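Okay, here's what each chain looks like letter by letter:
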Amino acid sequence: MQSQTTQQARAVHDVSCGKALRERALGRAGSPDPVPPALIAMIAAEIADHCGHRRLKCRRLAMGWTVAQAVAAAHRLVETEHLAKVGMSERSWKDWEAGVLPGSDSQDLLCRLFATSPVGLGFARDYSPAPEADEDAPLWSGDGLDGTLSEGDVARIDAGLAEVEATKRRDAVKLAGLAVAAPAAAAQILEQAAAEAMEFTQQAEATSLGSGTLDHLDLAVTEFNRAYSLKPPKAVFDAMMDYRRKVNRLLKAKHTHSQERELLAFAGWLSELLAWLAHDLGDARTGLAFATDAFVHGQQAGHGQLCAWAMDAAASINLYEQRPAKAHSAALKGLTEAPAGHPLTVRLHAQAARAAAADGDAEGFTTAFQAAENAHRLLPPRSPRRFGMDVMPLADYALTSYPATSFIWLGQAEKARQHAEHALATYEAAPEASRSPSREAIARIDLAIAHAQLGDPDDAVALGHQALDSARVVDSVRNRAGDLTSFLTRRYPRQSAVEGLREHLAALDAAARPALPAAPSGA
């Protein structure tokens, strides 16, 4: 196999950028299903121009496929079309995307798969002479073999993308023929082109955002992150919902492309926090809606880390809703977006382990938790920060509190007790700024359930009261306290102390669960 001669001339963007371009193009086209081949070709061309990938990879990203999905699609095509089998694997596909030229049979299969030619996939070059232009002809009317749409195709897909004033079109064609134009005419064309260039620049810089708007949003999201674990969730939810609506309005106003990416990211971060707050307030449906919104905005912003945080929230919410399969899927989806060497990978592996335990899968728990421990050992010396806050404690907590809960679900009380004691000690030793009253309360409840399983109801009841006396008794705390009181009632039905704990929990339930305001249609 030989290497392609064409080399990339600039830096290549992360694949998340290509995903964001695809989502935007599909949104502009009305999200057609199936996606027309002409639209796929347009998206591939946009990714190639913006991200710098080779054409085969651009076609794959335009389809929304991973390498594994692309290889599977190729094998399905071989079977359905009864084609000659070719040697194709994920490894060979990645080699082709890196510049290795496929054999002729593989080239033919790839061209069939993407409904294009070897030129369109970067395997060959088109040396056909360019058509001669006249004043009334379009700037270019190629046949799309190189992966670029003709002007007519673009107009059919999205009229707005191909809108060019007739006078500017003719002037541009004239400019392309400056080599044969008279000197006076050429000077006039260049003078008008300079004026248009200034107009283009002004349009690109046009924005309705004030000079300090983005800085203000950054400060607001930073403060909301700090307030999350310390202030009553209802008060924070209302204030944050107001900001989420404001960002939604800003996204609909005039702004530059770079400002759009920042606004999309701010919208996603606010929705990620709103997902947790809705979960704390006992509204799983709203929480999952905001987690999905955060993921989508993260994709559109090309922000993989934001997408991963959104799926971390979705995993927890699904677990408390007793949907371990969905929690496991969310954790794995987050892992595909999480940056390598980030503490978030530890949390997501631990989330997958906890989901396996909730499903009664002891082997799956062990495998996923070992992956979390391995990821933790490989973390770099300096911990990254999230809006000024160290995220390493979140990974440490996941390695201590998640296994405590998991061993309770797996019926291994002694291991649950050991991990719960370790988790509680870790929470209590954390700096004041990193303390989380709700997580400490859940650690106490895990320890209480472990004591109850080991035959010590008195300590279990005492730990339960301590948890319910926490400064931040959110829905997840009450949910786990319900597990504790239910177990104690079944195991020790005649204990008066158990009834006292039930009444304590009932009083908190009665005072909680205020109605959440409706999320805006753009959230």
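Look a little higher up for the structure.
(A) Geometry of the environment of alanine 291. For alanine 291, the position within the fold is in helix 13 (residues 284-300). Exposure remark for alanine 291: the relative accessible area of 1% places this residue in the buried category.

(B) Representation of unusual backbone geometry in the model. One non-glycine residue with positive phi stands out, namely histidine 82, at about 55 degrees. A positive phi is found at phenylalanine 387, a non-glycine position, where the angle reads about 50 degrees. Position of phenylalanine 387 among the secondary structure elements: in the loop between strand 1 (385-386) and strand 2 (389-390).

(C) A look at the layout of surface pockets. A volume near 840 Å³ is recorded for the second largest pocket. By residue class, the composition of the lining of the second largest pocket is 17 nonpolar, eleven polar and 14 charged.

(D) Main features of the packing of aromatic side chains. Counting across every chain of the model gives nine aromatic pairs. Pairing tryptophan 93 with phenylalanine 114 gives two aromatic rings, centres 6.2 Å apart and planes at 65 degrees, and the pair type is edge-to-face. Of this pair, tryptophan 93 sits in helix 5 (residues 90-98) while phenylalanine 114 is found in helix 6 (residues 104-114), placing the two residues 21 residues apart along the sequence. Geometrically, the ring pair formed by tyrosine 397 and tyrosine 427 is tilted, given 4.4 Å between the ring centres and 55 degrees between the ring planes. With tyrosine 397 in helix 18 (residues 392-409) and tyrosine 427 in helix 19 (residues 413-429), the pair connects residues that are 30 residues apart, well separated along the chain. Each member of the pair, tyrosine 397 as well as tyrosine 427, carries the same accessibility label: buried. Each residue in the set Trp65, Trp93, Trp96 and Phe114 is aromatic and connected to the rest through ring pairs, giving one cluster. Lying over the aromatic face of phenylalanine 295, lysine 333 brings its terminal NZ or CZ to 4.3 Å of the ring centre. The ring of tyrosine 228 has arginine 472 sitting right over it, with the charged end atom 4.7 Å from the ring centre.

(E) Structural view of helix 14 (residues 304-320). The end-to-end C-alpha distance of helix 14, which contains 17 residues, comes to 25 Å, matching closely the 24 Å that a straight helix rising 1.5 Å per residue would cover. Counting buried residues along helix 14, 16 of its 17 residues qualify, which places the element largely inside the surrounding structure. Count one or two residues on from helix 14 and you reach glutamine 322, which has phi positive near 60 degrees.

Reading the values: the criteria
- Residues numbered from 1 in each chain as written.
- Predicted model: local features only at pLDDT ≥ 70, side-chain atom pairs only at ≥ 80, totals over all residues.
- Heavy atoms only, no water.
- Helix = DSSP H or I, 4+ residues; strand = E, 2+ residues; numbered from the N terminus.
- Buried < 20%, exposed > 50% of the residue type's maximum accessible area, 1.4 Å probe, protein only.
- 1 Å grid on protein atoms, 1.4 Å probe; cavity = no way out; pocket = protein on both sides within 12 Å on 5 of 7 lines; lining within 4 Å.
- Points joined across faces, edges and corners; volume = space filled by probe spheres on them.
- Nonpolar A, V, L, I, M, F, W, Y, C, P; charged D, E, K, R; others polar.
- Phe/Tyr/Trp six-rings, centres within 6.5 Å; stacked < 30°, edge-to-face > 60°.
- Lys NZ or Arg CZ within 6 Å of the ring centre and 35° of its normal.
- Expected span 1.5 Å × (residues − 1).

Just geometry here; none of it tells us what the structure is for.
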